[in-house]
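Commentary on secondary and tertiary structure
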Amino acid sequence: MHLGKLFLNASLNFDWGDKMEQLIQQFVNGVSLGSIYALIALGYTMVYGIIKLINFAHGDIYMIGAYIGFALTTFLHVGFFPALIISMLLCALLGVLIEKVAYKPVRNSTRIAALITAISVSLFLEYGMMYFVKAETRTFPELLPNKQISILNTNAVLDIKNLYIIFVTISLMLILQYIIYKTKVGKSMRAVSLDRDAAQLMGIDMNKTISYTFAIGSALAGAAGVLVGTYYNSINPLMGVVPGLKAFVAAVIGGIGIIPGAVLGGFFLGMTETMVSAFGGSLYKDAVAFAVLILVLLAKPNGLLGRNIKEKV
Amino acid sequence: MLELQNLNVYYGAIHALRNVNLKINQGEIVTLIGANGAGKTTTLRTISGIEKAKTGKILYNGQGLDSYSASHIVKLGISHVPEGRRVFSTMSVFENLEMGAFTRNDKSQIKKDLENVFSLFPRLLERKDQYAGTLSGGEQQMLAIGRALLSRPKLLLLDEPSMGLAPIIVKEIFAIIKDINKNGTTILLVEQNANMALQCANRAYIIKNGEIDIEGDAKDLMNDENVKNAYLGG
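Each chain has its residues counted from 1, running along the sequence as written. For this description, chains carry letters from A and ligands carry numbers from 1, given in the order in which they are written. Where totals are concerned, whole chains, interfaces and linings use all residues; where local detail is concerned, this predicted model gives features only for residues with pLDDT of at least 70, and gives and counts side-chain atom pairs only at 80 or more.

Right, let's get into the overall build of chain A. Here a helix means four or more residues in a row that DSSP labels H or I, a strand means two or more in a row labelled E, and each is numbered from the N terminus. Counting secondary structure elements, chain A contains 11 helices and four strands. Since a compact globule built from 313 residues should have a radius of gyration of about 20 Å, the 21 Å found for chain A is in line with a globular shape. Seen through its principal axes, chain A has C-alpha atoms that stretch 85 × 55 × 35 Å. Taken across its 313 residues, chain A has 46% of its residues classed as buried. For the purpose of contact definition, each residue receives a C-beta atom placed from its backbone, and two residues are in contact when these atoms lie within 7 Å. For chain A, contacts bridging at least 24 residues in sequence account for 75% of all contacts bridging at least 6. Based on C-alpha atoms, the radius of gyration is set beside the globule rule, defined as 2.2 Å times the residue count to the power 0.38. For every residue, the other C-beta atoms within 10 Å of its own C-beta are counted; 20 or more classify it as buried, 12 or fewer as exposed, and values in between as partly exposed. C-beta atoms are placed from the backbone.

Next up, the structure:
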């Protein structure tokens, strides 16, 4: 009797611990996935904030960032952090170049013209890359120590790669925050996104501001590409399509054009998807992501952080 | 100081300005008045480089402005307070003023100019950490003018500073415009409130359907029968 009670207690404890461990594990996964979405979503939202263009080629810049990371680490045997930084720089350049070549000529055209241009750039990057690097999936070399730590002495394990993703994402977001609120470039970006004409009347150079926006947004996508490459180890030329779309959804959920909204939307979407997978619905996770988008838009058409400031006349 | 010569501006097929000639001398307040849609705002937007003229010239101290971008024109000393104030609503009052000094790097001078603006508009100092979008219309107008002053303009373009404001605030704003002018800034004032504008200005131009209709001394125009009937409510 006594022994039976003890056994029951133990099994209850164990059961509780097991669920908790699973939850912690999924939480960590959700934060990692959310980080990736947030990094890509930031570029979407910044570009939209400045020139009201949905840059559908953004997910492909993430893919190219992954390939740059792959080339650097595989052929040049560069380490993780140098690869990350070089890939960010090259993606920044690519972003600026794309804007100058493809978007600038249609800047004063209709929005549908700009949108069609963005889709063409996206297809060009995807199938251009496929021509050069072939369609097959490539395997990223192991860059980060393959170590697992148990969390709080439980059975939940934390892959050290998760920590790298979260650390890099948070650092980049802090740097971005600093740029946007403390530097002249950041302030000019905010001013242009609030009122383009008034910003020009302050002496802000539109072309420069747009270039900086594409550079920063693309660098963040490049970082996401390298992070995903090292985390999942496999990359291919079409890897940017679905995450690009998801990041767009994340940006819209948070309120497109609003920077904290992109971060919130990214983490929210990452967490939702992981939890749906964890509780047995992994087949439906994409459907759930879009269902969440529809629900958010029904309730708050401007996104979670979107607001309507009334203009005084 | 500023001279517009045969300026023609189009919006697509619409001919918004037709052969506009206009001259502003150093130290003057010149007003450009006219009905809605006559081309007043377009004139200002073309001077500050947001719109481009199809033909004609804009000379600023003898130098052609046509090839310069809007941001460069600010650096040359022309500052434009746009219609409807257009303050940056989710930036603080202080940040808005900082944006006005965007083209400048002389930190100590900027600080001095900030203090000047705050002494000109004490209410902005009280509200300096508030979002600009939360200010009243009159306060927003003060902020827009203060912001423009922070670029240290030699020529200030004002687009309907009285729009939507209570009469008492309008008086206050016009008094400040005169003060700014006394301190050496030349002013081009666009207004629908012709009475106030003519009282304040040295010279005036009346624009109608994109063409300069009448020009002359502000005082003469105030007593002109045609002008009285058409613009000053009899």
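Glancing now at the overall build of chain B. The helix and strand inventory of chain B stands at 10 helices and 10 strands. In summary, chain B has a C-alpha radius of gyration of 17 Å against a globular reference of 17 Å for 234 residues, a match within 12%. In terms of principal-axis extent, the alpha carbons of chain B reach across some 45 × 40 × 30 Å. In chain B, buried positions account for 45% of the 234 residues. Partitioning the intrachain contacts of chain B with sequence separation of at least 6 by distance along the chain shows that 67% fall at a separation of at least 24.

Looking now at the sheet that holds strand β3 (residues 29-34) of chain B. Residues and elements named next belong to chain B. Paired strands are those between which DSSP finds at least two bridges. Read from one edge of the open sheet, six strands run β6-β7-β8-β3-β9-β10, paired in mixed fashion. Each edge of the open sheet is held by one strand with a lone partner, namely β6 (78-81) and β10 (211-217). Averaged over all adjacent pairs, the angle separating strand axes in this sheet is 15 degrees, with direction ignored. Against the sheet, helix α6 (residues 137-149) contacts β6 and β7 (155-159), and its axis sits at roughly 170 degrees relative to β6. Across the sheet, helix α7 (residues 167-182) is in contact with β3, β7 and β8 (186-191); its angle to β8 comes to roughly 155 degrees. A fitted line through C-alpha atoms serves as each axis, taken over the contacting stretch for helices, and the angle formed by two N-to-C directions is quoted from 0 to 180°.

On to the interface of chain A and chain B, then. Between chain A and chain B, the residue contacts involve 17 residues of the former and 23 residues of the latter. Ranked by residues supplied to the side of chain A that touches chain B, first place goes to helix α6 (residues 184-194) of chain A with five residues. Residue type decides the class: Asp, Glu, Lys and Arg count as charged, Ala, Val, Leu, Ile, Met, Phe, Trp, Tyr, Cys and Pro as nonpolar, and the leftover types, Gly among them, as polar. Grouping the constituent residues of the side of chain A that touches chain B by class yields eight nonpolar, three polar and six charged.

What follows deals with the pairing of β6(B). Residues and elements named next belong to chain B. Of the two faces of β6, the one holding I78 and H80 and the one holding S79 and V81 are both buried throughout. Two elements, β6 and β7, share four bridges in a ladder whose sense is parallel. Bridging from a neighbouring strand, V81 pairs with L158 of β7.

A separate point is the sheet that holds strand β4 (residues 55-60) of chain B. All names here are of chain B. Read from one edge of the open sheet, four strands run β2-β1-β4-β5, paired in antiparallel fashion. Of all strands in the sheet, those bounded by a partner on one side alone are β2 (14-24) and β5 (63-64). Judged from the seven bridges that link them, strand β1 (residues 2-11) and β2 form a sheet pairing that is antiparallel. Bridge assignment links L7 to a residue of β2, and that residue is V20. Of the strands in this sheet, β1, β2 and β4 touch helix α1 (residues 40-47), which is tilted by about 70 degrees from β2.

Our focus in this paragraph is the domain arrangement of chain A. Residue and element names in this part refer to chain A. Bear in mind that the domain bounds are from an automatic or database domain assignment. Split into domains, chain A comes out as domain 1 (39-237) and domain 2 (240-304). Measuring from the centre of the C-alpha atoms in domain 1 to the corresponding centre in domain 2 gives 18 Å. Listed by partner, the interface residues are 17 residues for domain 1 and 18 residues for domain 2. Of all the secondary structure elements, the ones that give two or more residues to the side of domain 1 that touches domain 2 are α1 (2-51), α2 (58-75) and α5 (160-182). Here the residues of the side of domain 1 that touches domain 2 are counted per class, giving 11 nonpolar, five polar and one charged.

With that settled, consider the packing of helix α9 (residues 241-254) of chain A against helix α11 (residues 285-299) of chain A. Residue and element names in this part refer to chain A. It is the contact of α9 with α11, at a shortest axis distance of 10 Å, that shows an interaxial angle of 25 degrees. When the interaxial angle is binned, α9 and α11 end up roughly parallel. Here the hand of the crossing between α9 and α11 comes out left-handed. The segment α9 lies against α11, with K246, V249, V252 and I253 engaging A289, F290, V292, L293 and V296. Tallied by class, the residues present in the contact of α9 with α11 amount to eight nonpolar, no polar and one charged. When describing relative orientation, an angle under 35 degrees is termed roughly parallel and one over 145 degrees roughly antiparallel, while 65 to 115 degrees is termed roughly perpendicular and anything else oblique. Note on convention: the crossing is left-handed when the near helix lies turned anticlockwise from the far helix by less than a right angle, right-handed when the turn is clockwise.

To continue, consider unusual backbone geometry. Residues other than glycine seldom take positive phi values, yet K134(A) does so here, at roughly 70 degrees. Here K134(A) shows up in the loop between α4 (111-133) and β1 (138-139). Here K134(A) falls in the exposed class, since 11 other C-beta atoms lie within 10 Å of it. The phi dihedral of N61(B) is positive, around 50 degrees, even though this residue is not glycine.

Further remarks concern the confidence of the model for chain A. All names here are of chain A. As a per-residue measure, pLDDT tells how confident the predictor is, with possible values from 0 to 100. In this model, chain A carries a mean pLDDT of 89, and residues with pLDDT of at least 70 account for 92%. For chain A, per-element mean pLDDT is lowest for α1, which scores 77, and highest for helix α3 (residues 80-103), which scores 97. Across residues 1-14 the pLDDT falls below 50, and counting only partners more than four positions away or on other chains, this stretch makes zero contacts in the model.

Another aspect to go through is the packing of α6(A) against helix α8 (residues 206-232) of chain A. All names here are of chain A. With their axes 10 Å apart at the nearest point, α6 and α8 run at an angle of 105 degrees to one another. The angle between α6 and α8 falls in the class roughly perpendicular. Contacts between α6 and α8 involve V185, S188, M189 and V192 from the former and M206, T209, Y212 and T213 from the latter. Looking at side-chain class alone, the contact of α6 with α8 contains five nonpolar, three polar and no charged residues.

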